[in-house]
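So the chains spell out like this:
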Amino acid sequence: MVETSQTESPQPLLRVKELSKSFGGVRAVVAVSFDLYPGELLGVIGPNGSGKTTLVNLITGLVKPDAGLVEYQGRNITGWMPYRVARLGIARTFQMVRPFAALPAFKNLIIPLFSPRVRSLSGGKYGDRDSVAKDLLEEVGFERDSSVTYKPAGSLPHGYLKRLELAKCLALRPDLIILDELFSGLSIAELAGILPIIEKLLVGGTTIIMIEHRLRELFRIANRVVVLNYGRVIAQGKPADVMEQPDVKEAYLGTE
Amino acid sequence: MLEVTLIYGFVNSVILALVALGFSLTFGISGVSNFAYGAMYVLAGYVVWILMHKLAIPFFAAAALSVVLTAGLGAALYWFVLLRVRGMVLSEVIATFGVGLAILELFRYLGFTGFEYTLPSFTDGSIMIGSTYLDYQRVWIVGVGVFLAVGLYFFTHYTKLGLAFRGIAQEEKTALSLGINSDRVAGISVAFGSGLAAVAAILILPRGTISVNEGYDVLINAMAVCIIGGLGSTPGVIVASFIIGYAQMITDTFLGPHWKMIVSLVAILLILVIKPSGLFGKQKELEERM
């Protein structure tokens, strides 16, 4: 785990300031602010419907904010189209897995591997994408050259689809990965397989935001957490401290 | 008699597939129903004619230029018209149909009707299959039709743009999040579809005269094939083309040529009642709602 304090790197990688979004009369995200420093793993938690996924959509451009600011590497990216955000190196997974169902699993990775970002990072060459794709799948726990690699993504079991989501992100060679409930629906064994991958990413210097309901696993690896309730930040700080706060206890106990 | 029906039915089926491929490709990728498709087809024919007769450009150069111009017009249609109403299906249909109407009726207004508006065949002459004569133009149609169908398969399975096309078609949000500019890809898809309409026109129009009304017929045929095959499905296009192609040929032989267009319309009605998502359609929600 990489410990990064604010004094070491005063420049946040991502800065979210007073971000707000309403859908009709529902205030999904209300004046949310937080900073994210390079190498950090930030957990975003909160009850269902507290605005976590909307927050991710606002950062990555799938939803345009009503107000507020998103800054990445000091650049204002508020309201940018998702493909431009992705090209800057922000990758995300979806809570409801969204594979390219008709393409074989490894071909799913060809699409991010073709992005201009990957080409510029690898010196103007794409290389042998099929083999890069298979390497990436192996990295997230597909057995090398097993039949699942070649099956249409739509036919894969849930655990593999979650890994595939992660692999698609990795293919972009991102600096910031946003994982929207990556752990949901995974068995304990599958979790045990996927946690080390995330720890390895952190060691490699990747910055991560994790939206997660499985708090025990999240708290093992998170440096800080932000707690949302009804679209507002009700607490942020170290996992253990945050969970002691009465607001947070109430938000969780009140809904469960 | 049977031999003629078989051979000409086959050619007719390939013609339908050629006409429908572009419409289907555009819809399959971007979900845009390009109702200006028939107008693009006719326009491509007139452009070739104008280039040849007014600017004295040789046929094959004029044909190539026409394909490029029509594709460019498709891109312009996307950027200047469709982009503004993107996501509102009815508005997309009305906007593209309006543009198509304007193009077709402009040609009528300018007086582009008459027997002199014809395109030359690629090669003159004919071959014998059994005891049936088949002119070389129809051989060309079959050859290019098969080539395009196979080429499109390889394009969508093995090239960067093709994979991006399929990615957008299957999961636009994921593709966007992975750095694909879906508006650009959708624009290219409309351009590509329009270019295919031009290729179809240049192959098919030499069989008769170019007429404004053919624009409407082409649109109905392309829609019939796509609805019956399942919108956006390439295998569906091929199978549906053969079903309608032979049905039309049999109707033509036994009832008379006026009934040909009825076949397409009845086929649309039947499939919408029996299986609204089409033979190969994946839009199951359409089924569930029915």
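Each remark here, short or long, concerns the structure printed above.
Here's what I pulled together on the structure shown here. (Residues numbered from 1 in each chain as written. Chains lettered and ligands numbered in written order. Predicted model: local features only at pLDDT ≥ 70, side-chain atom pairs only at ≥ 80, totals over all residues. Heavy atoms only, no water.)

Quick notes on the overall build of chain B
A count of helices and strands for chain B gives 12 helices and two strands. Here the C-alpha atoms of chain B give a radius of gyration of 19 Å, agreeing with the 19 Å that 2.2 N^0.38 yields for 290 residues. Across its three principal directions, the C-alpha atoms of chain B cover 55 × 45 × 35 Å. Looking at chain B as a whole, 50% of its 290 residues are labelled buried. In chain B, once contacts between residues fewer than 6 apart in sequence are set aside, the share between residues at least 24 apart is 74%. Carbon and sulfur atoms form 71% of the exposed surface of chain B, whose accessible area is close to 13100 Å². Counting 15 positive and 15 negative side-chain charges, chain B places the averaged centre of each group 7 Å from the other. (Helix = DSSP H or I, 4+ residues; strand = E, 2+ residues; numbered from the N terminus. Rg over C-alpha atoms; globule rule 2.2 N^0.38 Å. Buried < 20%, exposed > 50% of the residue type's maximum accessible area, 1.4 Å probe, protein only. Contact = heavy atoms within 4.5 Å. Areas by Shrake-Rupley, 256 points an atom, 1.4 Å probe, with all protein chains shown as cover. Lys, Arg positive; Asp, Glu negative; His and termini not counted. Charge placed at Lys NZ, Arg CZ, Asp CG, Glu CD.)

So, the overall build of chain A
Scanning chain A from terminus to terminus reveals 10 helices and 10 strands. The C-alpha radius of gyration computed for chain A amounts to 18 Å, which stays within 12% of the reference 18 Å derived for 256 residues, consistent with globular compactness. For chain A, the spread of C-alpha atoms along the principal axes amounts to about 50 × 40 × 40 Å. Buried residues in chain A amount to 54% of all 256 residues. Only carbon and sulfur atoms are counted for the fraction: they give 52% of the accessible area of chain A, which is about 10800 Å². Within chain A, the 27 negative side-chain charges are centred at a point lying 7 Å from the centre of the 31 positive side-chain charges.

Thoughts on the packing of aromatic side chains
With the rule as written, the count across this model stands at 21 aromatic pairs over all chains. With a centroid separation of 4.8 Å and 70° between ring planes, the pair formed by phenylalanine 142 of chain A and tyrosine 160 of chain A is classed as edge-to-face. Residue phenylalanine 142 of chain A is located in the loop between α5 (129-139) and α6 (158-171), and its partner tyrosine 160 of chain A is located in helix α6; the two are separated by 18 residues in the primary sequence. In this structure, phenylalanine 142 of chain A and tyrosine 160 of chain A share a single accessibility class: buried. Put simply, the rings of Tyr46, Trp49, Phe107, Phe112 and Tyr117 of chain B pair up and form one aromatic cluster. Cation over ring: arginine 98 of chain A sits above phenylalanine 94 of chain A, and NZ or CZ is 5.1 Å from the ring centre. (Phe/Tyr/Trp six-rings, centres within 6.5 Å; stacked < 30°, edge-to-face > 60°. Lys NZ or Arg CZ within 6 Å of the ring centre and 35° of its normal.)

Focus on the environment of asparagine 221 of chain B
Residue and element names in this part refer to chain B. Among the secondary structure elements, asparagine 221 is positioned in helix α9 (residues 212-229). Note on asparagine 221: relative accessible area 14%, which makes it buried. Separated by 204 residues in sequence, asparagine 221 and alanine 17 place their C-alpha atoms 9.4 Å apart. Every residue in contact with asparagine 221, bar those within four places of it in the chain, is listed here: Leu16, Gln248, Met261 and Ser264.

Quick word on unusual backbone geometry
Peptide bonds are, in most cases, trans, and in most cases residues other than glycine have a negative phi. All names here are of chain A. Within the chain, alanine 31 stands out as a residue other than glycine whose phi angle is a positive 45°. If you check the backbone angles, glutamate 181 has positive phi at about 50° while not being a glycine. Here glutamate 181 is to be found in the loop between β7 (176-180) and α7 (188-203). We classify glutamate 181 as buried; its relative accessible area is 6%.

A look at the pairing of strand β10 (residues 232-237) of chain A
All names here are of chain A. Pairing between strand β9 (residues 224-229) and β10: five bridges, direction antiparallel. Directly across from asparagine 229, in β10, lies its bridge partner arginine 232. If you look at the hairpin formed by β9 and β10, you'll find two residues sitting between the two strands, and tyrosine 230 has a positive phi there, around 50°. (Pairing = 2+ DSSP bridges.)

Quick look at empty space enclosed by the protein
Residues and elements named next belong to chain B. Tallied over the entire structure, the rule returns three cavities of 30 Å³ or more. In this structure, the largest cavity occupies an estimated 50 Å³ of space. Lining of the largest cavity is provided by Phe35, Ala36, Gly38, Ala39, Phe97, Gly100, Leu101, Leu104, Gly215, Tyr216 and Leu219. With four residues, helix α4 (residues 89-109) is the single largest residue contributor to the lining of the largest cavity. Of the residues in the lining of the largest cavity, the class split is eight nonpolar, three polar and no charged. In this structure, the second largest cavity encloses a volume near 40 Å³. (1 Å grid on protein atoms, 1.4 Å probe; cavity = no way out; pocket = protein on both sides within 12 Å on 5 of 7 lines; lining within 4 Å. Points joined across faces, edges and corners; volume = space filled by probe spheres on them. Nonpolar A, V, L, I, M, F, W, Y, C, P; charged D, E, K, R; others polar.)

A word on the interface of chain A and chain B
Residue-level contacts link 23 residues of chain A with 18 residues of chain B. Our count for the contact surface shared by chain A and chain B stands at one salt bridge. A salt bridge links arginine 98 of chain A to glutamate 171 of chain B; the nearest nitrogen and oxygen atoms lie 2.8 Å apart. Inspection of the region where chain A meets chain B yields five residue pairs in polar contact (both at pLDDT 80 or more). Breaking the side of chain A that touches chain B down by element, the ones donating at least two residues are α2 (82-87) and α3 (110-113) of chain A. Tallying contributions element by element places α2 of chain A first for the side of chain A that touches chain B, with four residues. (Salt bridge = Lys/Arg side-chain N within 4 Å of Asp/Glu carboxyl O. Polar contact = N/O pair within 3.5 Å; in protein donor to acceptor, adjacent residues only side chain to side chain.)

Purely geometric stuff here, so don't read any function into it on its own.
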